[in-house]
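Breakdown of the fold
The residues making up each chain are set out below.
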Amino acid sequence: MSSVLYDVPGPRAIVRNRILSVVTVVIVLIILGLIVWRLAATGQFAAQKWYAFTFTKVWLDIGQAMINTLSAFIVAAVGALVLGFVLAIGRLSDHAWVRIPVGWIVEVLRAIPVLIFMFLLYYGLPSVGMKMEPYWAVVIALIVYNGSVLAEVIRAGVESLPRGQYEAGYAIGLRKSGVMRLVLLPQAIRAMMPVIIAQLVVTLKDTALGFIITYEELLFYARFIGSQSTYGSPIVPATIIVGAIYIALCLLLSWIANAVEKRTRRSPKVDAAVVVAGLHHPVGEVTDTELIALQDDQGRRR
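What you are looking at is a predicted structure, and each value in this text was computed from that prediction instead of being measured.

**A word on the overall build of the protein**
Counting its regular elements, the protein contains ten helices and two strands. Counting from the amino terminus, the protein carries its helices and strands in the arrangement α-α-α-α-α-α-α-α-α-β-β-α. Expressed as a percentage of the 302 residues in the protein, the buried residues total 34%. Here the protein has roughly 19100 Å² of accessible surface; of this, 67% comes from carbon and sulfur atoms.

Below is the structure:
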């Protein structure tokens, strides 16, 4: 027995897969147990290490750092989506003088790591007489890199659509811009939504690189509070708290994006319908002759 994508496992394979799953879970639990044991053995769970987090001021500073992280992420995410659409449309252009240069730009931007972008903007520009704030260095670097990646995602989504989608759009009199805006892009975005969500999560996590150029986001504050000897240098507790905040933010982002995807996605359970002069007729209940007659009748009424 087999399915479209893989061979359905038999009884022996099912038993083997279950054994492997149990063994994997046990190994992961053992590793987690060892980590917790080492943290406890080195006094990372001692009250002194967590004393700093009993102060309201510390949590207010953590909240401010989280706001800084989210402000950089939101601007970077919107900018990356806009840049991704622009570059994707350029990559899909019928004109070689547009398509080829844009393709080279996308490939170059994708090849440069985000941290290199940040270094160039924050440390490189002052050498030529220009100074950039850490916030904008982080935001611009994230926009440039993630925008180039999203451009390839959108391009791949458009090119994966059947050629009949193009032809149907042209057949009803749409131009290239209309076909792209009304027919291709909505379907491509819907199909590529999981990849877009994953890239936005990467964008959120990459804001943590801003601490290297002194941008005061979550990781920067965790390193700051963790270096305070007054509180016993609680670097591990600070990292645990900040890591939990990052996980919560990423899960929240994924939930919001999935909710948006479900609202914009057409339900597969809905039967196909033919729209004739404002009337909806199930395909299986109307013959071609009746549809043509209805069209002629509606045309005479107009």
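**Considerations on the pattern of salt bridges**
Side chains that differ in charge, positive against negative, can pair when their charged atoms come close. Taken as a whole and assessed by the stated rule, the structure comprises five salt bridges. Where E152 meets R91, a salt bridge forms, and the shortest distance between an N and an O atom there is 3.0 Å. You can see E152 sitting in helix α5 (residues 134-159) and its partner R91 sitting in helix α2 (residues 56-91), a full 61 residues away along the chain. A single burial state applies to E152 and to R91, both of which are buried. Its salt-bridge partner being E152, residue R155 comes within 3.0 Å of it at the nearest N-O pair. You can see R155 and its partner E152 sitting in helix α5, three residues apart, about one turn around the helix. Connected through shared salt-bridge partners, R91, E107, R110, E152 and R155 make up one network.

**Focus on the nonpolar core**
I62 and L218 are the most contacted members of the largest nonpolar core, which totals 28 residues. At the level of secondary structure, the elements contributing two or more residues to this core comprise α2, α5, α7 (176-206), α8 (218-226) and α9 (235-264). Counting residues per element, this core draws most heavily on α9, which supplies eight residues. Once you skip the residues sitting within four places of it in the chain, L218 turns out to touch I62, A65, M66, T69, V242, I245, Y246 and L249. Counting 19 residues, the second largest nonpolar core, distinct from the first, contains L109, V114, A137 and L142.

**Description of the packing of α2 against α5**
At a minimum axis separation of 6 Å, α2 and α5 run at an interaxial angle of 40 degrees. One element, α2, and the other, α5, form an angle in the oblique class. Two packed elements cross with a definite hand, and for α2 against α5 that hand is right-handed. Counted by class, the contact of α2 with α5 contains 18 nonpolar, six polar and three charged residues.

**A look at the confidence of the model for the protein**
Any residue range with low pLDDT should be treated as having predicted coordinates unsuitable for detailed reading. Summarising the model, the protein shows a mean pLDDT of 81, and 83% of its residues fall at 70 or more. The weakest mean pLDDT in the protein belongs to strand β1 (residues 273-276) at 33; the strongest belongs to α2 at 92. Every residue in residues 267-288 is under pLDDT 50, and counting partners more than four places away or in other chains gives 20 contacts.

**Some words on a nonpolar patch on the surface**
Residues V15, I19, V23, V25, I27, V28, L29, I31, L32 and I35 make up a contiguous nonpolar surface patch of roughly 880 Å² in combined accessible area. Here L29 lies in helix α1 (residues 11-41).

**What about the environment of M192?**
Structurally, M192 is set in helix α7. It is 7.0 Å that separates the C-alpha atoms of M192 and V153, two residues lying 39 residues apart in sequence. Residue contacts for M192: discarding those within four places in its chain leaves V153 and G157.

**With respect to unusual backbone geometry**
Even without being glycine, T214 reaches a positive phi, approximately 65 degrees. Turning to its location among the elements, T214 is positioned in the loop between α7 and α8. Assessed through its relative accessible area of 39%, T214 is described here as partly exposed.

**Considering the packing of aromatic side chains**
Two numbers describe a pair of aromatic rings. These are the distance of the centres and the angle of the planes. On inspection of all chains with the given rule, the structure shows eight aromatic pairs. Taken together, a centroid distance of 5.1 Å and an interplanar angle of 85 degrees make the contact between Y51 and F55 edge-to-face. Residue class for Y51 comes out partly exposed when judged on its relative accessible area of 45%.

**Considerations on the packing of α2 against α8**
For any two helices packed against each other, the geometry comes down to the angle between their axes and how far apart the axes lie. At a minimum axis distance of 8 Å, the contact between α2 and α8 shows a crossing angle of 150 degrees. With respect to each other, α2 and α8 are oriented roughly antiparallel. Mapping the contact onto sequence places V58, D61, I62, A65, M66 and T69 in α2 and L218, Y221 and I225 in α8. Within the contact of α2 with α8, the residues separate by chemical class into seven nonpolar, one polar and one charged.

**What about the side chain of S93?**
Tracing the backbone shows S93 in the loop between α2 and α3 (96-111). With a relative accessible area of 14%, S93 lands in the buried category. Residue contacts for S93: discarding those within four places in its chain leaves V98 and R99.

Procedures and definitions
Residues numbered from 1 in each chain as written. Predicted model: local features only at pLDDT ≥ 70, side-chain atom pairs only at ≥ 80, totals over all residues. Heavy atoms only, no water. Helix = DSSP H or I, 4+ residues; strand = E, 2+ residues; numbered from the N terminus. Buried < 20%, exposed > 50% of the residue type's maximum accessible area, 1.4 Å probe, protein only. Areas by Shrake-Rupley, 256 points an atom, 1.4 Å probe, with all protein chains shown as cover. Salt bridge = Lys/Arg side-chain N within 4 Å of Asp/Glu carboxyl O. Core = buried A, V, L, I, M, F, W, Y, C linked by side-chain atoms within 4.5 Å. Contact = heavy atoms within 4.5 Å. Axes fitted to C-alpha atoms, helices over the stretch in contact; angles between N-to-C directions. Parallel < 35°, antiparallel > 145°, perpendicular 65-115°, else oblique. Left-handed = near helix turned anticlockwise from the far one by under 90°. Nonpolar A, V, L, I, M, F, W, Y, C, P; charged D, E, K, R; others polar. pLDDT = per-residue confidence, 0-100. Patch = residues over 30% accessible without salt bridge, like charges linked within 9 Å, V, L, I, M, F, W, Y side chains within 5 Å. Phe/Tyr/Trp six-rings, centres within 6.5 Å; stacked < 30°, edge-to-face > 60°.

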